[in-house]
Amino acid sequence: MFISPRRTLAATAVLALGLTACGAEVTPSAESAGSAHYPVTVDNCGTPLTYHHKPARVVTNDIGITELMLSLGLADRMAGYVMPDEKGDLAKVPWAAEYDRTKWLSKKEITKELVLDAKADLVFAGWNYGWNDTTGLTPEGLGKLGVGAYTLTESCRNGKEKARGVMPPLDALYTDLANLGKIFDVEPKARQLIAEFQAEVAGVEAGAPARRPSVFLYDSGQDKPFTSGRFAAPEQIIGKAGGRNVMGDLDDSWTTVGWESVVARDPEVIVINNYGETGADAKRQFLKSYPPLANVSAVRNDRIFVLDYVDLVESPRNPSAISRLAAYLRTVPAP
């Protein structure tokens, strides 16, 4: 998500962008000018994007976005990725070998200079996942440099004071997998992943008990907590796992609330988003020692569950996170 300041691209020879009536349009390359697959057009955050060839030097920003590419077997189409140190243990992820086939470009924030140095023809990022109005690193800014852009669907702005989210989070995941399948001509693989993920989630839902424990997602923040509204991935991760997101009435994705609203909604479970310099143990200690939370059910009963950052942003790990959280929620007794 690259929320902190540490986290918060001349045109290449194979790509030229121009704005047309139907959105961004990419000119063909010699590599694939004769391919029957192209051109293809996808809808990205309400904007049609037309691709006349398969992107060959993609730069991704953040771990969930990177793993969308890797899960589709697209490491050979990447110039590299940007993500901080706290990407976690990758040894057991299904696409661990794919990480070794591409380059870790930076552990800091993505910049125009980095993208140009990588000779990128496409940048896959998002709002609060690399796009930044202040620095000009935006789809429009990249277009002026002749570099393509694809925006993570979870992060699409919905027109309400730059609030994000235009569809349920898992729909956003499936939309991006389907779009990437078309853009990179790997639609069978995309359909396979979507079907597998849908089946896993459906299996969890089928076994969920009738009672839905209330859950608060704690990302970070001490003066005010950063959490998930109904358009960020935790909304459906919690819901499909059999819980109820106490902030699910907020028409935003990741957003800041007040502690008084957490106390008033009295969650039975708190899910910690584990990432950054302040890890899960420190976050747990803060929650349990913060006086205003002393009588909140989750704190009083020590019902605090940890998921990693990549589990909780749009990524191929969302279905697994649903399964793991579901197993925990089924241990929560009725009040």
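To be clear, the structure that these remarks concern was listed above.
Scoring rules and cut-offs
- Residues numbered from 1 in each chain as written.
- Predicted model: local features only at pLDDT ≥ 70, side-chain atom pairs only at ≥ 80, totals over all residues.
- Heavy atoms only, no water.
- Buried < 20%, exposed > 50% of the residue type's maximum accessible area, 1.4 Å probe, protein only.
- Helix = DSSP H or I, 4+ residues; strand = E, 2+ residues; numbered from the N terminus.
- Axes fitted to C-alpha atoms, helices over the stretch in contact; angles between N-to-C directions.
- Parallel < 35°, antiparallel > 145°, perpendicular 65-115°, else oblique.
- Contact = heavy atoms within 4.5 Å.
- Nonpolar A, V, L, I, M, F, W, Y, C, P; charged D, E, K, R; others polar.
- Phe/Tyr/Trp six-rings, centres within 6.5 Å; stacked < 30°, edge-to-face > 60°.
- Pairing = 2+ DSSP bridges.
- Expected span 1.5 Å × (residues − 1).
- Arc of directions from axis to C-beta.
- Salt bridge = Lys/Arg side-chain N within 4 Å of Asp/Glu carboxyl O.

Novice: Before we go on, may I ask you to explain helix 1 (residues 63-71) in this structure?
Specialist: The periodicity of an α-helix, 3.6 residues per turn, causes residues three or four places apart in sequence to face the same way. Taken across its nine residues, helix 1 has nine buried, putting it largely inside the fold. Buried residues of helix 1: Ile 63, Gly 64, Ile 65, Thr 66, Glu 67, Leu 68, Met 69, Leu 70 and Ser 71, and no others.

Novice: Looking at this structure, I do not really get the packing of helix 5 (residues 169-183) against helix 7 (residues 233-240). What am I missing?
Specialist: Packed helix pairs are characterised by how far apart their axes lie and by the angle those axes make with each other. At a minimum axis distance of 7 Å, the contact between helix 5 and helix 7 shows a crossing angle of 115 degrees. Overall, the two elements helix 5 and helix 7 adopt an arrangement that is roughly perpendicular. Note on element contacts: helix 7 touches helix 5 through Ala 233, Glu 235, Gln 236 and Lys 240, opposite Pro 169, Leu 170 and Asp 171. Taken together, the residues of the contact of helix 5 with helix 7 break down into three nonpolar, one polar and three charged.

Novice: Hey, could you run me through the packing of aromatic side chains in this one?
Specialist: For any pair of aromatic rings, the description consists of the separation of the ring centres together with the inter-plane angle of the planes. Per the stated rule, a full pass over the model turns up 12 aromatic pairs. A centroid spacing of 5.9 Å and a plane angle of 50 degrees characterise the contact between Trp 259 and Phe 286, whose relative ring orientation is tilted. Highlighted residues: Trp 259 in helix 8 (residues 259-265) and Phe 286 in helix 9 (residues 280-289), separated in sequence by 27 residues. Both residues of the pair, Trp 259 and Phe 286, count as buried. On the numbers, 5.1 Å between centres and 50 degrees between planes, the contact of Tyr 275 with Tyr 309 is tilted. You can see Tyr 275 sitting in the loop between strand 15 (269-274) and helix 9 and its partner Tyr 309 sitting in helix 11 (residues 309-312), a full 34 residues away along the chain.

Novice: Is there a simple way to think about the pairing of strand 4 (residues 47-51) in this case?
Specialist: Note on strand geometry: in a regular strand, side chains alternate between the two faces of the sheet. Note that strand 3 (residues 40-44) and strand 4 share five bridges and pair antiparallel. Opposite Asn 44, over in strand 4, you have Thr 47 as the bridge partner. Connecting strand 3 to the next strand, strand 4, in antiparallel fashion are two residues, including Cys 45 with a positive phi near 55 degrees.

Novice: In this structure, what is going on with helix 6 (residues 187-206)? I would like to understand it.
Specialist: Between its first and last C-alpha atoms helix 6 spans 28 Å; for 20 residues at 1.5 Å apiece the expected length is 28 Å, and the two agree. Where helix 6 is concerned, the buried positions are Ala 190, Leu 193, Ile 194, Phe 197, Val 201 and Val 204. For helix 6, the buried positions fall inside an angular range of 100 degrees around the axis, keeping them on one side. For helix 6, exposure combined with an orientation more than 90 degrees from the buried face picks out Pro 188, Arg 191, Ala 199 and Ala 206. Packed against the buried residues of helix 6 are helix 1, helix 5, helix 7 and helix 12 (318-329).

Novice: Please explain the environment of Leu 116 as it appears in this structure.
Specialist: With respect to the helices and strands, Leu 116 occurs in helix 3 (residues 112-117). Linking Leu 116 and Leu 142, residues 26 residues apart in sequence, is a C-alpha distance of 9.8 Å.

Novice: How should the pattern of salt bridges be read in this particular structure?
Specialist: Side-chain pairs of opposite charge can arise whenever the charged atoms involved come near each other. For the structure on display, the rule yields 11 salt bridges. Between Glu 268 and Arg 211 there is a salt bridge, and its shortest N-O distance comes to 3.1 Å. Here Glu 268, found in the loop between helix 8 and strand 15, pairs with Arg 211, found in the loop between helix 6 and strand 11 (214-218); they are 57 residues apart in sequence, far enough to count as distant. For Asp 251, the salt bridge goes to Arg 230, with nearest N and O atoms at 2.5 Å. With Asp 251 in the loop between strand 13 (244-245) and strand 14 (254-256) and Arg 230 in the loop between strand 12 (226-228) and helix 7, the pair connects residues that are 21 residues apart, well separated along the chain. Of the residues examined, Asp 251 reaches a relative accessible area of 36% and is grouped as partly exposed.

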